[in-house]
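# Observations on the model geometry
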Amino acid sequence: CCLWIIVMSRPAETWSIDGSAAVTHLDFYVDLADEQDRDGTLFRLLLSPSADLGDGWKLTPALTFSRSSTEGADFDSRGVRLETALASPTLSGFQLSGGFFYALDRYDHDNSVAGFVVKRKDAALGLTLALQRRCDELLGVTPVLAVAWSAHGSNIDAYDYDRWTVTIGIGIPLIGDLLGG
């Protein structure tokens, strides 16, 4: 289950500030050693201003604070994530966007993977590039192709890795969007 609280303010035509707070209860199906049990509660607080830069360009930075309280001591943590996205104007129905993130996570207890002698500290950096096209002839369906790279650094080798991800998706508008509402 998840509880979201959304706050939105539009003090000017060219920028806005959105915020949210979430409390999520996590219950994983996989049984792990007690200290690695990820079941628990995740608290998140998000602040996301966005700016219309003119000529169809949009900039959306975001700052997220998180706190994870789990049944297993390995995943009790707190973190901060800074990210931003830049979207281009739509040209012939296509829109290009890109973004990056930087995240820091600190864990509260000595980690079982490291023999209970060190607390885990992670830093992650990522880049994304996406292309989408709104298809008004198909009731606004929007195919999306995205490529992302991320590097997750940790003081514990088992959590230190790089990842490439290719995503192909389809966005489908809600009924209100189709009716102009």
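In short, a report on the structure. Only a predicted model underlies this, so the values are computations on that prediction, with no experimental measurement involved.

### Quick look at the overall build of the chain
- Counting its secondary structure elements, the chain contains one helix and nine strands.
- Counted from the first residue to the last, the chain has its helices and strands arranged as β-β-β-β-β-β-β-β-β-α.
- Expressed as a percentage of its 181 residues, the buried residues of the chain come to 25%.
- Summing over all exposed atoms, the chain offers an accessible surface of approximately 11900 Å²; the carbon and sulfur share of this is 63%.

### With respect to the packing of aromatic side chains
- With the rule as written, the count across this model stands at zero aromatic pairs.
- Over the aromatic face of Tyr-159 sits the side chain of Arg-120, whose NZ or CZ is 3.6 Å from the ring centroid.
- Its end group placed over the ring of Phe-94, Arg-133 keeps NZ or CZ at 5.6 Å from the ring centre.

### Some words on a nonpolar patch on the surface
- A cluster of nonpolar residues, Leu-145, Val-147, Trp-164, Val-166 and Ile-168, forms a patch on the protein surface that exposes about 580 Å² of accessible area.
- Within the residue set of the nonpolar patch, elements represented by two or more residues are strand E8 (142-154) and strand E9 (161-171).
- A per-element tally of the nonpolar patch places E9 first, with three residues.
- Secondary-structure assignment places Ile-168 in strand E9.
- In this structure Ile-168 comes out as exposed when scored by relative accessible area, which is 73%.

### Observations regarding the side chain of Ser-77
- Structurally, Ser-77 can be placed in strand E5 (residues 77-87).
- Judged by relative accessible area, Ser-77 falls into the buried class, the value being 8%.
- Beyond its immediate chain neighbours, meaning those up to four positions away, Ser-77 contacts Ser-66, Arg-67, Ser-68, Arg-106, Tyr-107 and Asp-108.

### Notes on the pairing of strand E6 (residues 94-110)
- Two strands pair when backbone bridges link them, and E5 and E6 are joined in this way by 11 bridges, in the antiparallel orientation. Bridge pairing in E6 links Val-80 to Leu-104.
- Between the antiparallel neighbours E5 and E6 lie six residues, among them Ser-92 with a positive phi of about 55 degrees.

### Concerning the environment of Gly-98
- Tracing the backbone through its elements, the reader meets Gly-98 in strand E6.
- Separated by 30 residues in sequence, Gly-98 and Thr-128 place their C-alpha atoms 5.3 Å apart.
- What Gly-98 contacts, discounting residues up to four positions off in sequence, is Thr-84, Ala-85, Leu-86, Thr-128 and Leu-129.

### Focus on the environment of Ile-168
- Separated by 37 residues in sequence, Ile-168 and Leu-131 have C-alpha atoms that sit 9.9 Å apart.
- When near neighbours in sequence (up to four residues on either side) are disregarded, Ile-168 contacts Val-144 and Leu-145.

### Points about the pattern of salt bridges
- For the structure shown, the criterion picks out four salt bridges.
- We note a salt bridge from Asp-108 to Arg-78, for which the minimum N-O separation is 2.9 Å. Of this pair, Asp-108 sits in strand E6 while Arg-78 sits in strand E5, and the two are 30 residues apart along the sequence.
- Classification of Arg-78 by relative accessible area gives partly exposed; the value is 44%.
- Ionic pairing is found between Asp-122 and Arg-120, a salt bridge with its closest N-O pair at 2.6 Å.
- Taken together, the shared-partner salt bridges connect Arg-67, Arg-78 and Asp-108 into one network.

Scoring rules and cut-offs
- Residues numbered from 1 in each chain as written.
- Predicted model: local features only at pLDDT ≥ 70, side-chain atom pairs only at ≥ 80, totals over all residues.
- Heavy atoms only, no water.
- Helix = DSSP H or I, 4+ residues; strand = E, 2+ residues; numbered from the N terminus.
- Buried < 20%, exposed > 50% of the residue type's maximum accessible area, 1.4 Å probe, protein only.
- Areas by Shrake-Rupley, 256 points an atom, 1.4 Å probe, with all protein chains shown as cover.
- Phe/Tyr/Trp six-rings, centres within 6.5 Å; stacked < 30°, edge-to-face > 60°.
- Lys NZ or Arg CZ within 6 Å of the ring centre and 35° of its normal.
- Patch = residues over 30% accessible without salt bridge, like charges linked within 9 Å, V, L, I, M, F, W, Y side chains within 5 Å.
- Salt bridge = Lys/Arg side-chain N within 4 Å of Asp/Glu carboxyl O.
- Contact = heavy atoms within 4.5 Å.
- Pairing = 2+ DSSP bridges.

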